[in-house]
Amino acid sequence: QVHLVESGGGSVQAGGSLRLSCAASGRTFSSYAMGWFRQPPGQEREFVAAISRSYTTYYADSVKGRFTNSRDNAKNTVYLQMNSLKPEDMAIYYCAADQRKSWVVTVRGDEYDYWGQGTQVTVSS
């Protein structure tokens, strides 16, 4: 069992930056692929970014070039650096852990085994 806790959300103006963190419990964090998803108000959950256990990263087109996904296995933490934020980035952001296909990155939420509780990101224009 893995427990994930996101932090770092908040309110920023368009063009600003935030760094989300996702801390994981357990001793096997390095063996998981980690993903970030978001759910804008009134919309479906969508993929944002993912990083495999081998540090391969993949991003949604909407955030490519603005967001950076990284991990620190020594701290059992994955990060999402978000720059040049836009109002359409406003959402609840969730991190997730993929135990079964950890050597690759996946955009499918149903392939992730564990989820955090989410952190709110608000971007004002």
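Residues numbered from 1 in each chain as written. Predicted model: local features only at pLDDT ≥ 70, side-chain atom pairs only at ≥ 80, totals over all residues. Heavy atoms only, no water.

Novice: Got a minute to help me understand the sheet that holds strand S8 (residues 77-82) in this structure?
Specialist: Pairing between the strands of a sheet is mediated by backbone hydrogen bonds and can be parallel or antiparallel. Ordered by their spatial adjacency, four strands build an open sheet running S1-S3-S8-S7, and the pairing between neighbours is antiparallel. In the strand order of this sheet, the two ends are held by strand S1 (4-7) and strand S7 (67-72), each with one partner. Sheet twist, expressed as the mean angle between neighbouring strand axes with direction ignored, is 15°. The sheet contact formed by strand S3 (residues 18-24) and S8 spans six bridges and is antiparallel. Across the sheet, residue leucine 20 finds its bridge partner in S8, namely leucine 80. (Pairing = 2+ DSSP bridges. Helix = DSSP H or I, 4+ residues; strand = E, 2+ residues; numbered from the N terminus. Axes fitted to C-alpha atoms, helices over the stretch in contact; angles between N-to-C directions.)

Novice: Where do I start with the packing of aromatic side chains in this structure?
Specialist: The way to describe two aromatic rings as a pair is by their centre distance and the angle between their planes. Summed over the entire model, instances satisfying the criterion amount to six aromatic pairs. Ring geometry for phenylalanine 37 against tryptophan 115: centres 5.0 Å apart, planes inclined by 55°, an arrangement best described as tilted. Linking phenylalanine 37 in strand S4 (residues 33-39) with tryptophan 115 in strand S10 (residues 114-115), this pair joins segments that are 78 residues apart in sequence. The buried category is assigned to phenylalanine 37, whose relative accessible area is 2%. Their ring planes at 65° and their centres at 6.2 Å tell us that tyrosine 112 and tryptophan 115 sit as a pair that is edge-to-face. Taken together, the ring pairs connect Phe37, Phe47, Tyr58, Tyr112 and Trp115 into an aromatic cluster. One Lys or Arg, arginine 45, reaches over the ring of phenylalanine 37 and ends 5.6 Å from the middle of that ring. Against the face of tyrosine 58 rests lysine 64, its NZ or CZ located 5.9 Å from the ring centre. (Phe/Tyr/Trp six-rings, centres within 6.5 Å; stacked < 30°, edge-to-face > 60°. Buried < 20%, exposed > 50% of the residue type's maximum accessible area, 1.4 Å probe, protein only. Lys NZ or Arg CZ within 6 Å of the ring centre and 35° of its normal.)

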